[in-house]
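Coordinate inspection notes
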Amino acid sequence: MSTRAGFVALIGEPNAGKSTLLNRMVGAKVSIVTHKVQTTRARIRGVAMEGESQIVFVDTPGLFQPRRRLDRAMVAAAWGGAADADVVVLMVEAHRGVTPGVERILEGLADIGKGRTVALAINKIDRVEAPVLLGLTEKLNEAYDFAETFMISAEKGHGVDALRGWLAGQVPESPWLYPEDQIADLPMRMIAAEMTREKLTLRLHQELPYQLTVETENWEERKDGSAKIDQVIYVSRDGHKGILLGHKGETIKAVSQASRAELTEFLGRKVHLFLQVKVREKWQEDAERYSEMGLNFKDGNA
């Protein structure tokens, strides 16, 4: 029996449920999931096995109207991910329908979708009645000629198996691209940094999370099988440092505990996590920070 392997790009507006779907497809937490928009910065790939097919998911940043350099680089990465993929899946939230953002993505698909298989996944179907769902399906299929439409709930798992099964048949015949036991091609250092950033994003509800980045500075394997991980949280202003640390260091302590617990579960062994907060005023203008996030600094040029 011949094997298949290929890249599938999940695109959509921020918060459409791309990360949740990726995690459900892969069966492990690879991409961070929060209720904040624009949390996925890099093109995280998760690998799912389905029969003889290997589906490599490209979880792109949400597509939105960019304002800053970082935003522009993220949007360029999202379209770049779609342009590199064998199959593209557009995710639309059932209860939000065809928003101006979705309309912009449909316009972009007219170009990117040429010669590519593009499917539609309407997510969060439990939030609307059947007639609304049918109306939305018709409207979207009139706007673009999708190869297939799927009704799913990424959070609850409805329809996800059918989508994965279909994707398995769509990727080209090819040897597998990754060892079977490898779920993500992001270095563990970056996954660890993303997990800490998720905890910060959930903990701090101000604008602050977009002004910070997390880097894993050191990763040491210990003889007892545990890992010692040192991370630095970079903020762009001195005032942000106090917010991050919290009263008597409570905030950073809570973040550290939550991140350590998740890393321990993810790695299946003990983790010693040490966090530091540093001010780097213009990290959003620092090309090296973009490389760390898997983004292209030049894509952010206005």
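Before reading on, note that the structure itself is shown above.
Nothing here was measured: the structure is a model prediction, and the numbers come from that model.

Let us look at the side chain of Arg164. Among the structural elements, Arg164 can be located in helix α5 (residues 160–170). A distance of 3.1 Å separates the side chain of Arg164 from the backbone oxygen of Met25, its partner in a polar contact.

Attention now moves to the pairing of strand β8 (residues 227–235). Along a regular strand, successive side chains alternate from one face of the sheet to the other. β8 sits mainly inside the fold: 9 of its 9 residues count as buried. Burial along β8 is two-sided: the residues Ala227, Ile229, Gln231, Ile233 and Val235 and Lys228, Asp230, Val232 and Tyr234 are all buried. In this sheet, β8 lies alongside strand β7 (residues 212–221) in antiparallel orientation, the contact comprising 9 bridges. Following the sheet pairing, Trp219 is matched in β8 by Ile229. Hairpin connection of β7 to β8: 5 residues between the antiparallel strands, including Gly225 at a positive phi of 95 degrees. Bridge count between β8 and strand β9 (residues 271–279): 9 bridges; the pairing is parallel. Opposite Ile229, over in β9, you have Leu273 as the bridge partner.

Before going further, it helps to spend a moment on the packing of aromatic side chains. Within this structure, the stated rule accounts for 2 aromatic pairs. A ring pair is formed by Tyr144 and Phe146, whose centres lie 4.9 Å apart and whose planes are at 55 degrees; its orientation type is tilted. With respect to class, Tyr144 is no different from Phe146; both count as buried.

Among the 7 residues in strand β4 (residues 87–93), 7 count as buried, and that is most of the element. Bridge analysis of strand β1 (residues 4–12) against β4 gives 5 bridges, and the strand direction is parallel. What sits directly across from Gly12, in β4, is Met91. Bridge count for β4 against strand β5 (residues 117–123) is 7 bridges, and the pairing is parallel. Bridge assignment links Val88 to a residue of β5, and that residue is Val118. Assessed by its sense of winding, the connection that carries the chain from β4 through helix α3 (residues 100–112) to β5 is right-handed.

What counts as what
- Residues numbered from 1 in each chain as written.
- Predicted model: local features only at pLDDT ≥ 70, side-chain atom pairs only at ≥ 80, totals over all residues.
- Heavy atoms only, no water.
- Helix = DSSP H or I, 4+ residues; strand = E, 2+ residues; numbered from the N terminus.
- Polar contact = N/O pair within 3.5 Å; in protein donor to acceptor, adjacent residues only side chain to side chain.
- Buried < 20%, exposed > 50% of the residue type's maximum accessible area, 1.4 Å probe, protein only.
- Pairing = 2+ DSSP bridges.
- Phe/Tyr/Trp six-rings, centres within 6.5 Å; stacked < 30°, edge-to-face > 60°.
- Right-handed = clockwise from strand over helix to strand, strands pointing away.

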